[in-house]
Amino acid sequence: MFAARRLLLSCKQGANQAASFLRGRRIQSSNYSQSTRQGTTHGRTDLNPLPVGTAQTYSRSRARYAAPALALGFTGFLAFLHYNDERRAVPKGQPSSSNSSGCGCGSNTTVRGPIIGGPFTLMSTQNKIVTEKDLRNKWVLLYFGYSFSPDVGPEQLKMISRVVDKLESNHDKKILPVFVTLDPVRDTPSHLHAYLKEFDDRILGLTGSASAMRHMAQEYRVYFKKVQEDGDDYLVDTSHNMYLLNPKMEVVRCFGVEYNPDDLSQEVLKEVTSASQ
């Protein structure tokens with residue numbers, strides 16, 4: 001941070017010096033022109049008249065000094081922005097140091113404070129009302145997707161199933177996997193039940209009305225948008241958010257699609273273990 005400030009100060013100082021130099025040249029040029037006019041008024045001719053084209057030379061000289069100063073200031077501004085971007089970036093495997101940022105699911109992020117999540121009322125694949133209160137006192141691995149996803153969705157569900165197996169068989173840690181659809185029109189309770197059964201019976205599928213799904217997506221900062229194709233056949237462009245929630249229904253970790261089952265199970269185990277100590 002101090003290096004970036006010093007760079008900005010040096011850029012501003014260089015620009016100020018260049019501006020001062022140009023003002024000095026303009027004052028000299030103005031005085032010289034005034035003295036020439038006064039000499040002509042009194043009937044005297046200056047022994048060193050202003051040569052033809054001197055004004056253009058001064059103009060080019062000013063441009064020569066101004067351009068480097070502007071370039072230097074712009075370079076310093078870009079360096080300052082790049083430095084701030086590097087501060088905001090959260091590398092995989094490292095917790096976020098910001099208390100005000102949301103959950104950037106492109107990386108492994110630790111969430112501090114009630115930033116993501118909230119109350120919801122949805123329908124399970126067994127046609128039962130499910131709210132956030134029903135998931136309390138459990139560790140929850142929450143994933144947002146839709147059953148018609150051609151590639152990412154199925155791969156994520158396979159990975160979730162393997163992670164739950166690893167944690168339960170190797171570490172005796174129970175995690176409840178929850179799948180929330182972003183396509184409630186096609187993902188009815190019966191259809192979603194048949195779809196999730198192909199991956200793992202332990203996955204709790206949740207659907208509901210379009211307004212209820214939009215509300216939950218907003219609470220959990222999930223991006224999704226329907227992409228029209230041929231007729232009623234369409235895809236849903238989504239961020240494929242996956243969250244780890246503690247027994248208080250607080251989002252403590254956010255995971256991107258770059259994880260494999262081994263990495264994800266280790267990260268989940270780390271959170272569960274640290275919370276019990």
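Remember, it's a predicted structure, so these values are computed and weren't measured experimentally.

Trainee: Describe the overall build of the protein, with residues and values.
Mentor: Check the secondary structure of the protein and you find six helices and 10 strands. Per-residue burial over the protein gives 36% buried out of 277 residues. Put simply, 68% of the contacts in the protein that link residues at least 6 apart link residues at least 24 apart. Accessible surface, the protein: about 16,400 Å² in total, of which carbon and sulfur atoms supply 54%.

Trainee: Describe helix α3 (residues 152–171), naming the residues involved and giving the relevant values.
Mentor: Here α3 contains 20 residues, and its C-alpha end-to-end distance of 27 Å stays within 8% of the 28 Å for a straight helix at 1.5 Å per residue. Every buried residue of α3 is listed here: Gly153, Pro154, Gln156, Leu157, Met159, Ile160, Ser161, Val163, Val164 and Leu167. At its buried positions, α3 is contacted by β4 (140–145), β5 (176–181), α4 (189–197), β9 (242–245) and α6 (261–276). After α3 finishes, the residue aspartate 172 shows a positive phi value of roughly 55 degrees.

Trainee: Which residues make up the packing of α3 against α6, and what values do they have?
Mentor: Across the interface, α3 lies against α6 with an axial gap of 9 Å and an inter-helix angle of 55 degrees. By the angle between their axes, α3 is oblique relative to α6. Crossing hand, α3 versus α6: right-handed. Only Pro261, Asp262, Leu264, Ser265, Val268 and Leu269 of α6 make contact with α3, whose side of the interface consists of Met159, Arg162, Val163, Lys166, Leu167 and His171.

Trainee: Requested: an account of a negative patch on the surface, with residues and values cited.
Mentor: A surface patch of like charges, here negative, comprises Glu229, Asp230, Asp232 and Asp233. With respect to the helices and strands, the residue glutamate 229 is situated in the loop between β7 (224–228) and β8 (234–238). Overall, the relative accessible area of 43% leaves glutamate 229 in the partly exposed class.

What counts and what doesn't
The residue numbering used here restarts from 1 in each chain and proceeds along that chain's sequence as written. Owing to the predicted nature of the model, reporting of local features is limited to residues with pLDDT of at least 70; listing and counting of side-chain atom pairs is limited to 80 or more, with chain, interface and lining totals taken over all residues. As a rule here, side-chain values come from all non-hydrogen atoms in the structure, and water together with hydrogens is ignored. Per the convention used, a helix needs a DSSP run of H or I reaching at least four residues, while a strand needs a run of E reaching at least two, with both numbered from the N terminus. Exposure is judged per residue with a 1.4 Å probe applied to protein chains only, and the accessible area is read against the type maximum: over 50% gives exposed, under 20% gives buried, and values in between give partly exposed. Between two residues, a contact is recorded if the distance between any of their heavy atoms is within 4.5 Å. Per-residue and other accessible areas were derived by the Shrake-Rupley procedure at a 1.4 Å probe size, with only the shown protein chains allowed to occlude residues. In this analysis, the expected span of each helix is defined as 1.5 Å times one less than the number of residues it contains. Here, axes are lines fitted to C-alpha atoms. For helices the fit covers the stretch in contact, and angles between N-to-C directions go from 0 to 180 degrees. Convention used here: angles under 35 degrees read as roughly parallel, angles over 145 as roughly antiparallel, angles from 65 to 115 as roughly perpendicular, and any remaining angle as oblique. Helix crossings fall into two classes, left-handed where the near helix is turned counterclockwise from the far one by less than a right angle and right-handed where it is turned clockwise. Residues enter patches when their relative accessible area tops 30% and they take part in no salt bridge; the joining distance is 9 Å for like charges and 5 Å for the nonpolar side chains Val, Leu, Ile, Met, Phe, Trp and Tyr. Salt bridges are identified by distance alone: a Lys or Arg side-chain nitrogen within 4 Å of an Asp or Glu carboxyl oxygen. Charge assignment in this entry is limited to Lys and Arg as positive and Asp and Glu as negative, and neither His nor the chain termini are counted. Where a charge lies is defined by one atom per residue type: Lys uses NZ, Arg uses CZ, Asp uses CG and Glu uses CD.

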